[in-house]
Amino acid sequence: MQPDLDFVRARFPGLSSDWAFMDNAGGSHVLADVAGRVRDFLLEVPVQHGASYAASVEAREKVAQAVAALARMINAARPDEVVVGSSTTFLLQQLARALAPEIAEGDEILVTDVDHEANIGPWRALAQRHGAVLRTWRVDPESLELELDALDRLLTERTKLVCITHCSNILGTIMPVAEIARRVHAAGAELVVDGVAFAPHGRIDVQALGCDYYVYSLYKTFGPHQALLWGRHERLRELPSLNHRFIGREQVPYKFLPGNINYELAWGCGAIPGYLADLARHHGTDDADEVIAAHEEALSSRLLDYLGARNDVRIIGRREADRALRVPTISFTVRNHRSPDIVEVADRHEVAIRFGDFYARDLIRNLGLVEQQGVVRASLVHYNTAAEVDRLIAALDEALG
């Protein structure tokens, strides 16, 4: 299905710039409805929750409505399974703090070498503090895949946690989370999934995925700088409170949010599910994914075909644009070129891409890409156009010679 890009792009005022924005994995543009809701909340009900007066009641109800909409969007069983906080990094650190009493000396925590540091660092620190063993599920250097057979070899009766990405922010590869969850649970462990790089591109159904905790950034899914952590309600209730000493275990999700939720940004985030519903209705479908996936696949194919035809370019990830296997986050290196030099030329063409390790530092080091200063990354979403991809290709033609 070809999306109505005039309809789509009109919802994102920042796209009226002369720039072509293809750094979306770092942060997407923000919906006008999100910004409008934040503004209205701050000007109309900028009050503390928990009082009996009308404005306080209205403010609390607005935030509750927004969180409930986010919960429905990811198919949570109930709204209080959703914790909205300042960032994925913060929420994963909070989760690690909450899980700490369950980790004993000799227990094993499994991470990957493709993840963003947000889903490695807290678990490394947790293992060090409690005498646990940190084990690493390493990407195959030839296939650039995390092979399931390798996971099976790493799982033992001492494995307590497995922490993975739903989709690599470098490779763009989508992980088979439901199958991984089945294997992890068979070993008696829990599964933590970082969905940041996947969330802008496909539907998240936490119940179908079968994981125990799922976290992603709302500022990479067209909202403000906030993030969302989901966990099963019964498990969240069991974990200790990280809030004031008199905030009990049963006070989910408040016990995970010292200083409380950001009211106005939470209300703003409530516009994201509404936009996706509007997008689906405008295109005569019940599923916004139908609109998003085919278009993103076509954009990916356009760029991957260009890169794949050059013998001086190494694509870091899958070379095919299959939407079931990868998202349109495309990383590459160029022989005899440093990655920042490529990006510098793109800047002159007003094409916004980026270079670096993108906090997936272990992966960049293990693939031997440090000297080139990491990869060049173009990350597309559904509001990008074929003409913008062509602008990027023209910039790359100049940069590569």
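So, here's what we can say about the structure. Everything quoted here is computed from the prediction, not taken from an experiment. (Residues numbered from 1 in each chain as written. Predicted model: local features only at pLDDT ≥ 70, side-chain atom pairs only at ≥ 80, totals over all residues. Heavy atoms only, no water.)

**Looking at the overall build of the protein**
So, point 1. Scanning the protein from terminus to terminus reveals 15 helices and 13 strands.
So, point 2. Its C-alpha atoms give the protein a radius of gyration of 21 Å, within 12% of the compact-globule value 21 Å for 401 residues.
So, point 3. In terms of overall dimensions, the protein has a C-alpha envelope of 65 × 55 × 35 Å along the principal axes.
So, point 4. A burial count over the protein gives 58% of its 401 residues as buried.
So, point 5. Roughly 16,400 Å² of accessible area belongs to the protein as shown, and the carbon and sulfur atoms make up 49% of that amount. (Helix = DSSP H or I, 4+ residues; strand = E, 2+ residues; numbered from the N terminus. Rg over C-alpha atoms; globule rule 2.2 N^0.38 Å. Buried < 20%, exposed > 50% of the residue type's maximum accessible area, 1.4 Å probe, protein only. Areas by Shrake-Rupley, 256 points an atom, 1.4 Å probe, with all protein chains shown as cover.)

**Quick notes on the nonpolar core**
So, point 1. Residues Trp123, Trp137, Leu191 and Tyr214 are the most contacted members of the largest nonpolar core, which totals 110 residues.
So, point 2. In this structure leucine 191 touches Val162, Ile164, Val177, Ile180, Ala181, Val184, His185, Cys211, Asp212 and Tyr213, once residues within four positions along its chain are discounted.
So, point 3. Formed by 28 residues, the second largest nonpolar core is a distinct cluster that contains Leu299, Ile353, Val376 and Ile393. (Core = buried A, V, L, I, M, F, W, Y, C linked by side-chain atoms within 4.5 Å. Contact = heavy atoms within 4.5 Å.)

**A short note on the packing of aromatic side chains**
So, point 1. One pass over the full model with this rule turns up six aromatic pairs.
So, point 2. Both rings, one in phenylalanine 12 and one in phenylalanine 222, keep their centres 5.6 Å apart while their planes meet at 70°; by these two values the pair is edge-to-face. With a gap of 210 residues between them, phenylalanine 12 in the loop between helix H1 (5-9) and strand E1 (20-21) and phenylalanine 222 in the loop between strand E7 (213-217) and strand E8 (227-231) connect regions that are remote in the sequence.
So, point 3. Residue phenylalanine 222 is classed as buried on the basis of its relative accessible area, which comes to 2%.
So, point 4. An aromatic cluster is built from Phe12, Phe222, Tyr275 and Tyr383, whose rings are joined through pairwise contacts.
So, point 5. The residue whose ring lies beneath arginine 377 is phenylalanine 358, and the NZ or CZ to ring-centre distance is 3.7 Å. (Phe/Tyr/Trp six-rings, centres within 6.5 Å; stacked < 30°, edge-to-face > 60°. Lys NZ or Arg CZ within 6 Å of the ring centre and 35° of its normal.)

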